[in-house]
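Take a look at the letters that make up each chain.
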Amino acid sequence: METPCIVGWGHTPFGRLDHFDLEGLMVESTRLALADAGLRAGDVDAVFVSHFNAGMVPDGFPSSLPFGADDDFRFTPAVRLENACASGSAAIHAALDAIGSGRIRTALVVGAEKMTAADGPAVTAALARASYHREEGARGLTFPGIFALIAQEYFARHGDHGATLARIAAKNHANGARNPLAHLRRDLGFDFCNTVSERNPLIAAPLRKTDCSTVADGGAALVLAAAPLARDFRRAVRFRSTVQVNDFLPMSRRDPVAFEGPRRAWRRALDEAGIGIRDLDLAEVHDCFTIAELLSYEAMGLAEAGQGVRCVDDGTVAPGGALPVNPSGGLKAKGHPVGATGVSMHVMAAMQLCGEAGDIQVPGAELAGVFNMGGSVVANYVSVLERAV
């Protein structure tokens, strides 16, 4: 059976967007996606909203907020999906399942998060609710602290890779500087990222500020259509494979540096797509912290355990390399408005495959991988995308 396709998308800039509230982010990205697809609101069979929230905004029931884009959305089925930082992929999977079942033929997926309206401690506390409260939460661990522990364990086993993390940060900042939608559009360079300073303090050793993704506002949207319909659009991107793998929530039940969930998700997605990792032309991976990108290289199969540094040393993951990773700037530089993140990653990949990525375009891109992660390596989604029309 032919798989559904992406036939349109919309994406606000990411960053501190004081002129948008949550509804505004959803409305704007919805309008952009509909216009891009050439569809009217009345042509959409169902709406799937991705939103984390956890107290960052007062809107606890946002599924109908995209309806503000067009009154013709009224009475369309709409639902909100939440799976921590992988909420966007959860919404995409729900839409794909609904189309695949034959229940609907077109879907709008909208992801958005308004994070900057809350102060720093409130955002930190909200994000910490995606951990296992009985253990990590009870110890007062925030997500920088959780991923700092992962980095510490990795360094204990494989040596100090602080400079490797700085090189990953510098790569993604350089990429983000060329992405007009990115939150941080400055090439900071390796020396800045590798040096603890007043402007780049330690957040949770060994992670510096430049090792951490940003608190940002933003919205992203996709229009999905059944394969027979997709042929009628000016261009379409097919889901060649989609895989979800969830692991135990308590970190105590997992090897923190094995990345077993992502490893399994990548293996299954590549197998279902009938390709190897080296067949991909680019990948957008979940670099909520630079240690997550380093471990993703190993989970993807680009390097053996403890050898992810080789992907940086030999230029594999750099622009122009064998497999550019996060040409968009990733969560590190593009930004990480939680509910929008997974949708944004798919938008960025689709733009690449259609040759519409501008200054961040990977020449000749035909196959793209997307890895979106929720929590401390708990909810793991991998998509393989290819140009269909």
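Preceding this paragraph is the structure being described.
The rules we used
Residues numbered from 1 in each chain as written. Predicted model: local features only at pLDDT ≥ 70, side-chain atom pairs only at ≥ 80, totals over all residues. Heavy atoms only, no water. Pairing = 2+ DSSP bridges. Helix = DSSP H or I, 4+ residues; strand = E, 2+ residues; numbered from the N terminus. Axes fitted to C-alpha atoms, helices over the stretch in contact; angles between N-to-C directions. Contact = heavy atoms within 4.5 Å. Core = buried A, V, L, I, M, F, W, Y, C linked by side-chain atoms within 4.5 Å. Buried < 20%, exposed > 50% of the residue type's maximum accessible area, 1.4 Å probe, protein only. Phe/Tyr/Trp six-rings, centres within 6.5 Å; stacked < 30°, edge-to-face > 60°. Lys NZ or Arg CZ within 6 Å of the ring centre and 35° of its normal. Expected span 1.5 Å × (residues − 1). 1 Å grid on protein atoms, 1.4 Å probe; cavity = no way out; pocket = protein on both sides within 12 Å on 5 of 7 lines; lining within 4 Å. Points joined across faces, edges and corners; volume = space filled by probe spheres on them. Salt bridge = Lys/Arg side-chain N within 4 Å of Asp/Glu carboxyl O. Parallel < 35°, antiparallel > 145°, perpendicular 65-115°, else oblique. Left-handed = near helix turned anticlockwise from the far one by under 90°. Nonpolar A, V, L, I, M, F, W, Y, C, P; charged D, E, K, R; others polar.

Novice: It is not clear to me how the sheet that holds strand β10 (residues 367–374) should be interpreted in this structure. Could you clarify?
Specialist: Each strand in a sheet pairs with another by means of backbone hydrogen bonds, the pair being arranged parallel or else antiparallel. Strands sit in the order β3-β2-β4-β7-β1-β8-β11-β10-β9 across an open sheet of nine strands; the sheet is mixed. Among the strands making up the open sheet, the edge pair consists of β3 (78–81) and β9 (282–285). When the angles between neighbouring strand axes are averaged without regard to direction, this sheet yields 25°. Two elements, β10 and strand β11 (residues 379–387), share eight bridges in a ladder whose sense is antiparallel. Looking at the pairing, N372 lines up with Y381 of β11. Strands in contact with helix α2 (residues 87–100) are β2 (46–50), β3, β4 (106–113), β7 (218–225), β8 (237–246), β10 and β11; relative to β2, the strand with the most contacts, it is inclined by about 160°.

Novice: Got a minute to help me understand the nonpolar core in this structure?
Specialist: One recurring pattern in soluble globular proteins is that nonpolar side chains are buried together. Ranked by size, the top nonpolar core spans 104 residues in total, and within it F48, F147, L224, W266 and I291 carry the most contacts. No other element matches helix α13 (residues 338–353), which puts nine residues into this core. With near-sequence residues (within four places) excluded, L224 lies in contact with C5, I6, I92, A95, L96, I99, R105, T106, A107, V109 and F239. Core analysis: the next-biggest nonpolar cluster, separate from the first, contains 31 residues, F20, V49, F67 and V110 among them.

Novice: Just to check I follow, could you spell out the packing of aromatic side chains for this structure?
Specialist: The geometry of an aromatic ring pair is captured by two quantities: the separation of the ring centres and the angle between the planes. Following the criterion strictly, the structure yields three aromatic pairs and no others. Taken together, a centroid distance of 5.6 Å and an interplanar angle of 10° make the contact between F67 and F73 stacked. You'll find F67 and F73 in the same group, each marked buried. Ring geometry for F147 against F289: centres 4.9 Å apart, planes inclined by 25°, an arrangement best described as stacked. Of this pair, F147 sits in helix α5 (residues 143–158) while F289 sits in the loop between β9 and α10 (290–300), and the two are 142 residues apart along the sequence. Across the pair, F289 and F147 agree in class, each one buried. Within the aromatic cluster, the residues linked to one another by ring pairs are F143, F147 and F289. Over the ring of W9 we find R235; its NZ or CZ atom is 3.9 Å from the centre of that ring. Here the guanidinium or amino end of R253 rests over the ring plane of F248, the centre of that ring lying 3.7 Å away.

Novice: Can you walk me through α2 in this structure?
Specialist: Think of an α-helix as turning once every 3.6 residues; residues three or four places apart then point the same way. With 14 residues, α2 should cover 20 Å at 1.5 Å per step; its first-to-last C-alpha distance of 20 Å lies within 8% of that length. Among the residues of α2, those classed as buried are S87, G88, S89, A90, A91, I92, H93, A95, L96, A98 and I99. G102 sits one or two residues past α2 and shows a positive phi near 90°.

Novice: Sorry if this is basic, but what is going on with empty space enclosed by the protein here?
Specialist: Over the atoms, a rolled probe matching the size of one water molecule traces out where space is still vacant. Under the defined criterion, the tally for this structure stands at one cavity of 30 Å³ or more. Considered as a void within the structure, the largest cavity measures approximately 50 Å³ in volume. Taken together, D247, R254, D255, P256, F259, E260, G261 and V377 form the lining of the largest cavity.

Novice: So what exactly am I meant to see when it comes to the pattern of salt bridges here?
Specialist: Once the charged atoms of two side chains with opposite charge are near each other, the side chains can pair. Taken as a whole, this structure holds 13 salt bridges when the rule is applied. The partner of D18 in a salt bridge is R16, with the nearest N and O atoms 3.2 Å apart. Just as D18 is exposed, R16 falls in that class too. Across the salt bridge formed by D36 and R234, the nearest N and O atoms sit 2.9 Å from each other. Residue D36 is found in helix α1 (residues 22–37), and its partner R234 is found in the loop between α8 (227–230) and β8; the two are separated by 198 residues along the sequence. Salt bridges sharing common partners tie together D36, R234, R235 and E356.

Novice: What should I look at first to understand the side chain of S376 in this one?
Specialist: Here S376 shows up in the loop between β10 and β11. Setting aside residues up to four positions removed in sequence, S376 forms contacts with E136, F143, I146, F147, L249, M251 and R254.

Novice: Looking at this model, I keep getting lost on the packing of helix α9 (residues 260–273) against α10. Mind explaining?
Specialist: Each packed pair of helices is defined by two parameters, the angle between the axes and the distance between the axes. Packing of α9 against α10 leaves a shortest axis separation of 8 Å and a crossing angle of 45°. By the angle class used here, α9 and α10 are oblique. Crossing geometry of α9 relative to α10 is assigned as right-handed. Contact with α9, carried on its side by P262, R263, W266 and L270, involves E298, A299 and M300 of α10 and no other residues of that element. Its residues assigned to classes, the contact of α9 with α10 comprises five nonpolar, no polar and two charged.

Novice: Mind showing me how you'd approach the layout of surface pockets here?
Specialist: Here the largest pocket is characterised by a volume of approximately 830 Å³. Along the walls of the largest pocket sit 38 residues, with K209, C212, S213, T214 and V215 positioned nearest its centre. Mapped by element, the contributors of at least two residues to the lining of the largest pocket are α3 (120–128) and α5. If you tally residues by element for the lining of the largest pocket, the top one is α3, at four residues.

Bear in mind that shape data such as this cannot, by itself, settle questions of function.
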